[in-house]
Amino acid sequence: MPSINLNLLPMKGHYFLFNAGTSPIVPFMPTLARQLGFSSVVVGSLYTALPIMGMLVKPTMGALADRYKCQKALFLAFILLTIASFFPLQFVPGLPVESAADFHCHQISDLKICGTDSCVADQLIAEGSGNTTIYCKMRCELGSGFLQTVCRDWNWSSLCEKSVPVLTILGDTRATTSPQSVAFNALLSPQHTLPLENSDCLFTRVSKVQLAGGDVWHTPYCNTSLQIAQCRMQCQSDTLSDLTNLSNSQVISHYQFWMFTSLLVFSWIGMAVVVSVGDAICFTILGDQPGKYGNQRMWGSVGFGLCVIVAGWLVDTWSAGMAHKDYTPVFYMMAVMLTLDFVVSSKIKYTQTPQAASILRNVGKMFKDIQVLVFLLWLVVVGMCTALIWNFLFWYLEELADNYGCSVTQQWIKTLEGLVNGVQCFGGEIPFFFLSGWILKKIGHTHAMSLVLFAFSIRFLLYSTLTNPWWCLPIEMLNGLTFGLLYATMASYASLVAPPGTDTTVQGLVGAIFEGIGVSMGSFLAGLMFDQMSGAMVFRISGLAVLVLCVLHICAQFFISRRHILVVASGKDFHHGAHYASPNEAIHMLDEPTYESFT
């Protein structure tokens, strides 16, 4: 029976626990931001800035770790930073948003609220179970007739005293026709909610009103004809808060935005450093067997897949009967898993590679190879594709769920999202991480890059045909190619081309380009596209664009390979002076998967 490599056990444990700890938070973060009141443009902009932070910190921390041989210390410190910045995110309050409504006053009073979908009425009625009322702060523009009714029937005579000049007709004192802005408080009775057929509007009952600064509540009614006023309102209601038309420029003026953004930035920095330095440590331990990297990294997919399914179910169960999802349990789940990761990672034993004489000079030699330059451009493209899935796939699924039915949206959408990640991991990533060494040995890095682009194209086009969000589950099998093979190709290529003593620097540089440029650009463009068109159209356009880029990549690699053959035939040393093995020359270093790979 093969012996177990004990040096790799803590590394496997790190990948399992770190991904298990981040899986309850990271996939749901864009939809949590949506719940807090941020638009797709704001979320896209956030996920444009975050990878840029990663792009700056990864090579910086990598170079620091290489120069001062402090990989492990940085590694452990940034695990703690990730915990410390993720956990407070649960306490960020939603934006103090305003909604528009028309106040209809007759024998009874109602608010007419438009811009709703088919589920809002059901959600409001659910909020009003047990005769619960909703408190709102309102400001309405009251015309002369409405103002007169308010003064007389609601006993708000102070408003009439402020309404000057006045017009006396047959002994009746009334305000002029100029509307007056009146601030007051209202109690809504959401159990009395009625949606309008063939319309995006609904009526909900106003049971009590109170003049701002007053202490007496009145039943609002108008004995004369129907009176209508345009209003703005802030309500203590998750359902009504979703109906905001707060502009993107107004969002950044609120402390909630900056609180959320700051914590997200620090958490992203923490994860970025842990991932890049962790990969460098892993390749150092593997030594001359980089092909076994995928067999270590696949344990991260196991941890991610297991915990994200549980996390989705927990959120749905914990939030039963609520208009919004309560993410509290997954934050504690994250804290426990990452704390265990810190303990296990402290047990990793390895010897850091000696520092190169000149890190920058040696790293710069990589850029003399046109194949490496094409690889870096490929990183940007696949980073953009990855951003669309990481940050907006769940956004798209919730968009589909809103159109498909209220029960799916309210009850099981987080469970579905957890299952999506579970299928991505167990049905896709794990098999391809395990087989990545064998695949790269058989087809090479360049063909693997083309295969990844083709898989992204097919995946996006399939998404664009969905009507029922549950049918996305079979599509997630492609995640083995679009992430499992992608990540193994990216990390192993970086390890093979890294000059001696620059492992952490190169891994950080590659990760910075993938996330800092690719994911950043993809997040920004996706946010703009989701704001202007449906999710289905976004994925259709993206799928066709990636298909074109795949063809261009194949053509570019074909001409590069012919040029390489001609240079070698002419007797020139194509890689003269570069102190690293190019992927084509070092491909024999990749091992086929065996039983020992698990040990």
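Residues numbered from 1 in each chain as written. Predicted model: local features only at pLDDT ≥ 70, side-chain atom pairs only at ≥ 80, totals over all residues. Heavy atoms only, no water.

**A closer look at the overall build of the chain**
Helices and strands together make up the secondary structure of the chain, namely 20 helices and eight strands. Residues counted as buried form 55% of the 599 residues belonging to the chain. Considering only contacts within the chain whose residues lie at least 6 apart along the sequence, 84% involve residues at least 24 apart. (Helix = DSSP H or I, 4+ residues; strand = E, 2+ residues; numbered from the N terminus. Buried < 20%, exposed > 50% of the residue type's maximum accessible area, 1.4 Å probe, protein only. Contact = heavy atoms within 4.5 Å.)

**Here's the deal with the sheet that holds strand 2 (residues 109–113)**
Within the closed barrel, the six strands sit side by side as 1-2-7-6-3-8. Their pairing is antiparallel. Ignoring which end each strand starts from, the neighbouring axes of this sheet average 45 degrees apart. Bridge count between strand 1 (residues 99–105) and strand 8 (residues 227–235): seven bridges; the pairing is antiparallel. Paired with Asp102 across the strands is Gln230, a residue of strand 8. Strand contacts of helix 5 (residues 120–127): strand 3 (134–142), strand 6 (180–195) and strand 7 (202–211), with the helix running at about 95 degrees to strand 6, the strand carrying the most contacts. Contacts from helix 6 (residues 144–153) reach strand 1, strand 3, strand 6 and strand 8, with the element oriented near 70 degrees to strand 8. (Pairing = 2+ DSSP bridges. Axes fitted to C-alpha atoms, helices over the stretch in contact; angles between N-to-C directions.)

**Notes on helix 3 (residues 40–68)**
Its 29 residues place the ends of helix 3 42 Å apart at the C-alpha level, agreeing with the 42 Å of an ideal helix rising 1.5 Å per residue. Following helix 3 by one or two positions, Lys69 adopts a phi angle in the positive range, close to 50 degrees. (Expected span 1.5 Å × (residues − 1).)

**Structural notes on the pairing of strand 6**
Of the pairings in the sheet, the one linking strand 3 to strand 6 comprises nine bridges and is antiparallel in character. By the bridge assignment for strand 6, Ile134 is matched with Leu188. Where strand 6 and strand 7 come together, nine bridges link them in antiparallel fashion. By the bridge assignment, Phe184 is partnered in strand 7 with Leu211. Linking strand 6 to strand 7, which pair antiparallel, is a turn of six residues; within it Asn198 sits at a positive phi near 55 degrees.

**Examining the state of the cysteines**
As enumerated under the stated definition, the model contains four disulfides in all. The side chain of Cys136 participates in a disulfide bridge whose partner is Cys235; the two sulfur atoms lie 2.0 Å from each other. Here the disulfide of Cys136 and Cys235 is right-handed, its torsion about the S-S bond being about 110 degrees. One end of the pair, Cys136, is in strand 3; the other, Cys235, is in strand 8, with 99 residues separating them in the sequence. (Disulfide = S-S within 2.5 Å.)

**A look at the pattern of salt bridges**
On inspection of all chains with the given rule, the structure shows five salt bridges. Salt-bridge contacts for Glu417 lead to Lys414; the nearest nitrogen and oxygen are separated by 3.1 Å. Here the residue Glu417 and the residue Lys414 both occupy positions in helix 15 (residues 406–463), the gap between them amounting to three residues, near one helical turn. Exposure class is identical for Glu417 and Lys414. Each is buried. The network of salt bridges with common partners includes Glu398, Lys414 and Glu417. (Salt bridge = Lys/Arg side-chain N within 4 Å of Asp/Glu carboxyl O.)

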